[in-house]
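Coordinate inspection notes
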Amino acid sequence: MSIQSLDDYISAKKQRVIIQRTASITSVAYNQSQTLHLAGNPGAGVLAGSNTANGVVPTDATAGCPIIDAFDSGAVGYLSGLELHSPVAGDFTIYDMLFKAGAYAYNANTTLASQPSFSSRVPDGNYKGLELWLEAVTAFTGNQSCRCTYLDQDGNAGDTGVIATGVAPIIGRMYRMPFASGDSGIRQLNSVVGSVSTVGTFNVLILRPLCTVRIPVANGIVKYDFTQTGLPQVYENSALLCLPRADSTATSTPWCALEIANKA
Amino acid sequence: MAKMLSLADYEAAEKWKALYIKYGLTTAAGTWTSLLKAAGNFPAAVGPLISTLGSGVVNGGWGGVKGFLNLWGEEYGYLSRFEQGVDDLYITKVRAVASVPCSVRFFDIIQSGSATLESGTGFDEYFSSYEADILPRLCGTDDTLELWQGRLTGKMTSDVTATITGYYGDDLEDDVNISAVMPASLVADAMLPIPLNAGLKRLRRLSYLSGGLSGAGYFDIFMLRHLFSYDIEEPYKPVVINLLQGGGVPIHYKCHLSAAVCVKSGTTTGSHNLEIELAAH
């Protein structure tokens, strides 16, 4: 039912999934940017979220995310390898995008209802380590503040409080929302309140980080095998993202090949 | 489905080493440059591919075309065993050395085609690849293929917009047109990825190429199956990829193994020397 030995890895069915961007956007040095909406392979997706009232659970069918072919019946899937090239130095993190709500106006005050569950994409039902992010859909005027309420990793009510981001986000810029003290994950987004800024729209994402690599020198390649990725589980409907934190101020045109192994 | 299923299978497999030696081509830092036309230990391509394959836009065919290392294993008596499906072929280890700091990618050119433009005319050609030609080259994997363009010879006098038609569905019934600009600024041997249409997930096959009407020159279109990559941090410092570091890649015995290099500085791709361990099982 899973990879439990070297022989299991060798015999596992594998597929290479490509995430490549051929267009670049301006970023803030060493701050994460969303790039799913840029041209490349797969083709560009749509930055603006499509639902503010409930949110959606993106899948590999979501535009901008790579398609993952079906696993063998009863198989468990893993990120078993990663190769990444980038024309600029920086960190790159592979995520499974579990939830997306937006696009919210700068002054939104929305209580979500009937949020779809992403529990089938959380290994062992362990919500610890899931991350809450904002991403700018259109540029902001004024430094944005935001408050989100949620259910934490154990299903208890959580509240970020009003977080002054201290920035007027440019398009694609992402901002990690801190949880309330004692919380280490999130299982549901309940409300979104924006303030201070006078212009701008944003999405709220729940992301599951899978693996982070660094390109130390421009035009370098980094290669991780399964001992380095740590074999995080992925699903045949995972919405995979490869998000840059470039050292410089452009996301550039990274190429990433992910090896996904599945073993019944 | 791959037949090498365990370390014991790897140990038992018959192995040999293929040598891949290529010497420098002119390049620019940050530009992916094909080594198809570089001199080395086997005949270089005489570009564009059209000149080695006959007229029209063609698929690469299987083997025997200049520029590709022959992995068939005739000398080990394996050719007939591959042809009959008794054994499968794998790249199980790579030892690579290069004379310049760079990134290197190796891939199987699953489909390729060249267009020759005469000023004021268009081009209008079919790829001659069909499902039966391509499926074996995927070796039972679900690997995503990559669409790239390149220029292996000559130079276009102005940008040319081409329409590339390909299939994106599993059933080869859903086709899509991709508009791609072939920039006249592309330097010799350079390769560029072609972005897919917004929302399009992947291409399965190429079928048709048309466009032109302005400019003159040549360009090539490639559908690539990625095999392995590595980073050369220091000149002449060997890099080894073993079975468990992404080796063990199943490849077709008539694979069109080819490489592209992206240097971190300087103007030459440098010299490349690879020992590629092949295993039949």
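This text gives an overview of the structure that appears in the document. Keep in mind the model is a prediction, meaning the values are calculated, not measured.

Now for the nonpolar core. Counting 40 residues, the largest nonpolar core has B:Y20, B:Y230 and B:L257 as its most contacted members. Broken down by element, the residue count for this core peaks at 5 residues, all from strand β3 (residues 89-98) of chain B. Discounting chain neighbours no more than four positions away, the residues touching B:Y230 are A:I221, B:A96, B:C102, B:S103, B:V104, B:F106, B:V239, B:I241 and B:L274. Counting residues in each nonpolar core, the second largest holds 26 residues, with A:A101, A:Y104, A:L189 and A:V204 among its members.

Turning our attention to the pattern of salt bridges. When their charged atoms lie close together, side chains carrying opposite charge are able to pair. Residues and elements named next belong to chain A. A full pass over the atoms with the stated rule returns 17 salt bridges over all chains. Ionic pairing is found between D247 and R214, a salt bridge with its closest N-O pair at 2.5 Å. Taken together, the residues D247 in the loop between β16 (240-246) and β17 (255-263) and R214 in strand β13 (residues 199-215) connect sequence positions 33 residues apart. Since its relative accessible area comes to 33%, D247 is described here as partly exposed.

Here we come to the interface of chain A and chain B. On the side of chain B, 44 residues touch chain A, which itself brings 39 residues to the contact. A combined buried area of about 3300 Å² lies between chain A and chain B, and 55% of that area is made up of carbon and sulfur atoms. The largest contributions to the chain A side of the interface with chain B come from A:I10, A:R16 and A:I221, which together make up 20% of the buried area. Here B:R204 and A:D69 are joined by a salt bridge, their closest N and O atoms 3.9 Å apart. Taken together, the links from chain A to chain B amount to 18 residue pairs in polar contact (both at pLDDT 80 or more). At the level of secondary structure, the elements contributing two or more residues to the side of chain A that touches chain B comprise α1 (6-11), β1 (13-21), β2 (40-41), β4 (76-86), β14 (220-224) and β17 of chain A. Among the elements that take part in the side of chain A that touches chain B, β1(A) stands out by supplying 7 residues, more than any other. Of the residues assigned to the side of chain A that touches chain B, the class counts are 18 nonpolar, 12 polar and 9 charged.

Definitions and limits used
- Residues numbered from 1 in each chain as written.
- Chains lettered and ligands numbered in written order.
- Predicted model: local features only at pLDDT ≥ 70, side-chain atom pairs only at ≥ 80, totals over all residues.
- Heavy atoms only, no water.
- Core = buried A, V, L, I, M, F, W, Y, C linked by side-chain atoms within 4.5 Å.
- Buried < 20%, exposed > 50% of the residue type's maximum accessible area, 1.4 Å probe, protein only.
- Helix = DSSP H or I, 4+ residues; strand = E, 2+ residues; numbered from the N terminus.
- Contact = heavy atoms within 4.5 Å.
- Salt bridge = Lys/Arg side-chain N within 4 Å of Asp/Glu carboxyl O.
- Buried area = accessible area lost by both parts, 1.4 Å probe.
- Polar contact = N/O pair within 3.5 Å; in protein donor to acceptor, adjacent residues only side chain to side chain.
- Nonpolar A, V, L, I, M, F, W, Y, C, P; charged D, E, K, R; others polar.

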